[in-house]
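Residue-level structure breakdown
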Amino acid sequence: MKSKYSGRCLCGEISYSVDVEPPFTGNCHCKDCQRSSGSAFIPAILFLEQNVSVLGEAKYFESVSDSGSIHKRGFCSNCGSQLFAKFSNMPGVLGIKAGTLDHPSNYVPKLDFYVASAAPWDFMNPELPKKAGPAQS
């Protein structure tokens, strides 16, 4: 049986699969996500890391988030695709970038967050709830 949530990097060197539903999905509009993605936001899916099967090895870049916690972004060292995120304030959680899904229609965001930092040209779904800052505040 195929996993509902599976994906890979651009070159296929790293792939992942998850067989459970995510506890959180949402679009992060913070400045760091804008800079790291080169876009208006990052569509994020959070899972317990123990539920995610990863083939290949991501390289991680660390930065300090707006909250002061450490945010690690995992990418393929061959093609540069950004796949994963780890957060020091959420141990055991792995974020997956929805754009890397094999079936992107499986991503259903429940929230737009850090909207106070949104780019002026960003168009958000008016039906989604909005949070000015982090999702968990």
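Here the structure is a predicted model, which is why all the values come from computation and not from measurement. (Residues numbered from 1 in each chain as written. Predicted model: local features only at pLDDT ≥ 70, side-chain atom pairs only at ≥ 80, totals over all residues. Heavy atoms only, no water.)

Taken in spatial order, the three strands line up as S1-S2-S5 in an open sheet, and their pairing is antiparallel. The open sheet terminates on both sides in strands that have one partner only, identified here as strand S1 (5-8) and strand S5 (52-55). For this sheet, the mean inter-axis angle between neighbouring strands, taken without regard to orientation, is 10°. (Pairing = 2+ DSSP bridges. Helix = DSSP H or I, 4+ residues; strand = E, 2+ residues; numbered from the N terminus. Axes fitted to C-alpha atoms, helices over the stretch in contact; angles between N-to-C directions.)

Attention now moves to the pairing of strand S9 (residues 93-97). On any regular strand, side chains alternate: one points to one face of the sheet, the next to the other face. Within S9, five of the five residues are buried, which leaves the element mostly enclosed by the surrounding structure. Of the two faces of S9, the one carrying Val93, Gly95 and Lys97 and the one carrying Leu94 and Ile96 are both buried. Sheet analysis places strand S4 (residues 42-48) next to S9, joined by five bridges and oriented antiparallel. Each bridged residue has a counterpart across the sheet, and for phenylalanine 47 the counterpart in S9 is leucine 94. Pairing of strand S8 (residues 82-87) with S9, which is carried by two bridges, proceeds in the antiparallel orientation. Residue phenylalanine 84 lies in a different strand from S9, and its bridge partner there is isoleucine 96. (Buried < 20%, exposed > 50% of the residue type's maximum accessible area, 1.4 Å probe, protein only.)

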